[in-house]
Amino acid sequence: MNRFFGKSENIFSDYIIIDGADVNHIKNVLRMKVGEELAISNGEDGNEYRCTIKELGEEQIELEVLFVKEDAMELPCKVYLFQGLPKADKMELIIQKCVELGVTEVIPVATK
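Residues numbered from 1 in each chain as written. Predicted model: local features only at pLDDT ≥ 70, side-chain atom pairs only at ≥ 80, totals over all residues. Heavy atoms only, no water.

Enquirer: Kindly report on the overall build of the chain, identifying the contributing residues and their values.
Expert: Counting its secondary structure elements, the chain contains two helices and seven strands. Going residue by residue from the N terminus, the α and β elements of the chain occur as β-β-α-β-β-β-β-α-β. The C-alpha radius of gyration computed for the chain amounts to 19 Å, which surpasses the reference 13 Å derived for 112 residues by more than 25%, pointing to a less compact arrangement than a globule. The 112 residues of the chain split such that 28% are buried. For the chain, the proportion of contacts with a sequence separation of at least 24, taken over those separated by at least 6, is 52%. A total accessible area of about 8100 Å² is found for the chain, and carbon and sulfur atoms account for 52% of it. (Helix = DSSP H or I, 4+ residues; strand = E, 2+ residues; numbered from the N terminus. Rg over C-alpha atoms; globule rule 2.2 N^0.38 Å. Buried < 20%, exposed > 50% of the residue type's maximum accessible area, 1.4 Å probe, protein only. Contact = heavy atoms within 4.5 Å. Areas by Shrake-Rupley, 256 points an atom, 1.4 Å probe, with all protein chains shown as cover.)

Following this line, the structure appears as structure tokens:
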């Protein structure tokens, strides 16, 4: 499911308005159509709004809110990864993927 950030002033109880660069991305890059689902977050209250596309306009997209997921997006526990130092430049990729999975802290460890 595609996720986007929405402006707080464009999020209402039963519909959401998307404007700006996301309109081009949704319409032309992802080629989404009316009725397809996506998730919207304003990045402030932790809520995730599951929506369907109601109307595709030139300057804005109107979404219908199906439900609001109010669960915390963070893991309920902290995960620490003790990572042995890899050869070459693989550490950056390891850190990137671990952060995507929710690791709190990556601790490099020198090993033999």
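Right, picking up where we left off after that structure.
Enquirer: Describe the pairing of strand E3 (residues 37–41), listing the residues and the values that go with them.
Expert: Consecutive side chains along a regular strand alternate between the two faces of the sheet. Within E3, four of the five residues are buried, which leaves the element mostly enclosed by the surrounding structure. Turn length for the E3-strand E4 (residues 48–56) hairpin, with the two strands adjacent in sequence and antiparallel, is six residues, and the turn residue Gly43 shows positive phi of about 75°. (Pairing = 2+ DSSP bridges.)

Enquirer: Could you give an account of unusual backbone geometry, with specific residues and numbers?
Expert: One non-glycine residue with positive phi stands out, namely Arg31, at about 55°. As for its position among the elements, Arg31 is in the loop between helix H1 (21–29) and E3. What makes Arg31 exposed here is its relative accessible area of 60%. Notably, Ala88 is not glycine yet its phi reads approximately 60°, a positive angle. By secondary structure assignment, the location of Ala88 is in the loop between strand E6 (80–84) and helix H2 (91–101). On the accessibility criterion, Ala88 (71% relative accessible area) is exposed.

Enquirer: Go over the pattern of salt bridges with me, naming the residues and quoting the values.
Expert: Two side chains bearing opposite charge may form a pair once their charged atoms approach each other closely. Scanning the model with the defined rule gives six salt bridges in all. As a salt-bridge pair, Arg3 and Glu48 come within 3.1 Å of each other at their nearest N and O atoms. Of this pair, Arg3 sits in strand E1 (residues 3–5) while Glu48 is found in strand E4, placing the two residues 45 residues apart along the sequence. Take Glu48: its relative accessible area is 4%, and that puts it in the buried class. Arg50 is the salt-bridge partner of Glu48, the closest N and O atoms lying 2.9 Å from each other. Under the relative-accessibility criterion, Arg50 is labelled buried at 15%. Overlapping salt bridges, with partners in common, bring together Arg3, Glu48 and Arg50 in one network. (Salt bridge = Lys/Arg side-chain N within 4 Å of Asp/Glu carboxyl O.)

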